[in-house]
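Okay, here's what each chain looks like letter by letter:
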Amino acid sequence: MAVGAIPGGAQSQAESPEVRQIVTFQFLPGRAEEAFRIYEQQLRPIYHEIPELLRFRGYQEAESPEPLDLIVVSSYRGMAGMDRANEGLRRPPPSGPSALSLYGTLSAMTARHHDQFVEMLANQSDSATGGRLVVFEYLRLAPGAGAAFEGLLTSRVRPFEKAGQLALWSETGRLLVSDGWDYLRIFGVGSLGDWHRYLTAMGEAPFHGELGSLVAARKTILVRQAPKMAVR
């Protein structure tokens, strides 16, 4: 579920890009609060002791086109860093069950979940600080449009976003494992109104047509951070 075991490459931990595992949960009716407690009280201390973990975040649904209760995001240096972290997550802590056992408990109270892995692009990302809402924007590109899309982000889209102060920060990553999406952009915004302002400005941007020719589909989810789940 939220513990992947994917073989790592030959890159060293220092050379590897940041990879995030994104797990989206919809819990059975009446089980969400119990699941949150497991994360806050039992899983969070275990993750805190995993040295390979860069950070761990939990998000609750604010506005979403699909039902969800919780999104958990764990960050590592490459898939190899995730492999090393998984070894620690399988080991029982000094007292209490292991993370693997706790995920088995969570599985029994879950109606549906899905996992995604995304390689973050450092040159397309800011430091993620601030914002009452976090926006996950999934993008599916036209075939072969990846290089053109990344070039447009660098040369025109991000400069336009920054000049207009359209978001407090943004991050971009290439999806490695997903249900048909190619890129994920993440934004920090202060309110629903701020996100509406972002959409309006992007619709009027001089590169709107060029960007539209590259993006075949998009899905947008708005969430709020669950601060009691945060690690580092």
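Right above here is the structure, for reference.
From a predicted model like this one, the values you see are computed outputs, not experimental measurements.

Participant: It is not clear to me how the environment of Phe-207 should be interpreted in this structure. Could you clarify?
Facilitator: Position of Phe-207 among the secondary structure elements: in the loop between α5 (192-203) and α6 (208-214). Note: C-alpha distance between Phe-207 and Arg-156 (51 residues apart in sequence) is 7.4 Å. Those residues in contact with Phe-207, other than ones at most four positions away along the chain, are Leu-152, Arg-156, Val-157, Phe-160 and Met-202.

Participant: Would you mind going over the sheet that holds strand β5 (residues 133-141) with me for this structure?
Facilitator: If you trace the 8 strands once around the closed barrel, you get β1-β3-β2-β8-β5-β7-β6-β4, paired in antiparallel fashion. On average, each strand axis in the sheet is inclined to that of its neighbour by 35°, with strand direction left out of account. Relative to strand β7 (residues 183-189), α5 is tilted by about 130°, and along the sheet it contacts β2 (55-63), β5, β7 and β8 (215-225).

Participant: I'm lost on the layout of surface pockets in this one. Help?
Facilitator: Unoccupied space between atoms shows up once a probe the size of one water molecule is rolled over them. Within this model, the largest pocket holds a volume of roughly 360 Å³. Mapped by element, the contributors of at least two residues to the lining of the largest pocket are β1 (18-27), β2, β3 (70-77), β5 and β6 (169-177). Of the residues contributing to the lining of the largest pocket, the split by class is 8 nonpolar, 6 polar and 5 charged. The calculated volume of the second largest pocket comes to roughly 280 Å³. Lining the second largest pocket are 17 residues; nearest its centre among them are Ile-46, Glu-49, Gly-88, Arg-91 and Pro-93. Looking at the lining of the second largest pocket, the elements that each hand over two or more residues are α1 (32-48) and α2 (78-90). For the lining of the second largest pocket, the residue count by class is 9 nonpolar, 3 polar and 5 charged.

Participant: Would you take a moment to explain the packing of aromatic side chains for this structure?
Facilitator: Where two aromatic rings form a pair, the distance of their centres and the angle of their planes describe that pair. Scanning the model with the defined rule gives 13 aromatic pairs in all. With centroids separated by 6.3 Å and ring planes inclined at 90°, the aromatic side chains of Phe-27 and Phe-36 adopt a geometry described as edge-to-face. The exposure classification of Phe-27 matches that of Phe-36, with both residues buried. Between Tyr-39 and Tyr-103, the aromatic rings sit 6.0 Å apart at their centres with planes inclined by 75°, giving edge-to-face as the arrangement. With Tyr-39 in helix α1 and Tyr-103 in helix α3 (residues 99-108), the pair connects residues that are 64 residues apart, well separated along the chain. This pair shows no difference in class: Tyr-39 is buried, exactly as Tyr-103 is. Of the aromatic side chains, those joined through ring pairs into one cluster are Phe-25, Phe-27, Phe-36, Tyr-39, Tyr-47, Phe-56 and Tyr-103. A cation over a ring is seen here: Arg-140 above Trp-181, with NZ or CZ 4.2 Å from the ring centre. The side chain of Lys-219 reaches across the aromatic face of Tyr-138, ending 5.0 Å from its centre.

Participant: What should I look at first to understand the pairing of β6 in this one?
Facilitator: Consecutive side chains of a regular strand alternate in pointing toward one face of the sheet and then the other. The pairing of strand β4 (residues 110-120) with β6 spans 4 bridges and is antiparallel. Paired with Phe-117 across the bridge in β6 is Val-177. The hairpin turn running from β6 into β7, its antiparallel successor, is 5 residues long, and Gly-180 in that turn takes a positive phi close to 100°.

Definitions and cut-offs
Along each chain, the written sequence defines residue order, and numbers are assigned to residues from 1. Owing to the predicted nature of the model, reporting of local features is limited to residues with pLDDT of at least 70; listing and counting of side-chain atom pairs is limited to 80 or more, with chain, interface and lining totals taken over all residues. The basis for the side-chain values is all heavy atoms of the structure; hydrogens and waters are excluded. Each helix is a run of H or I in the DSSP string that is no shorter than four residues. Each strand is a run of E no shorter than two, and both are numbered from the N terminus. Any two residues having at least one pair of non-hydrogen atoms within 4.5 Å are treated as being in contact. Two strands qualify as a pair provided that DSSP identifies no fewer than 2 bridges between them. Simply put, an axis is a line fit to the C-alpha atoms, just over the touching stretch for a helix, and the angle between two N-to-C directions goes from 0 to 180 degrees. As defined here, a cavity is a set of points on a 1 Å grid over the protein atoms alone where a 1.4 Å probe fits but cannot get out. A pocket is an open set with protein on both sides within 12 Å along at least five of seven lines, and residues line them when an atom is within 4 Å of a point. Grid points are joined across faces, edges and corners, and a volume is the space filled by probe spheres set on the points. As a working rule, the residues Ala, Val, Leu, Ile, Met, Phe, Trp, Tyr, Cys and Pro are called nonpolar, Asp, Glu, Lys and Arg charged, and the rest polar, with Gly in that last group. Under the pairing criterion, centres of Phe, Tyr and Trp rings, with the six-membered ring standing for Trp, must be within 6.5 Å; the plane angle then separates stacked pairs below 30 degrees from edge-to-face pairs above 60, leaving the rest tilted. The buried label applies to any residue whose accessible area, calculated with a 1.4 Å probe on protein chains only, is under 20% of its type's maximum; exposed applies above 50%, and partly exposed to all values in between. Two limits define a charge over a ring: the Lys NZ or Arg CZ must be within 6 Å of the ring centre, and within 35 degrees of the ring normal.

What is shown is where atoms sit, not what they do.
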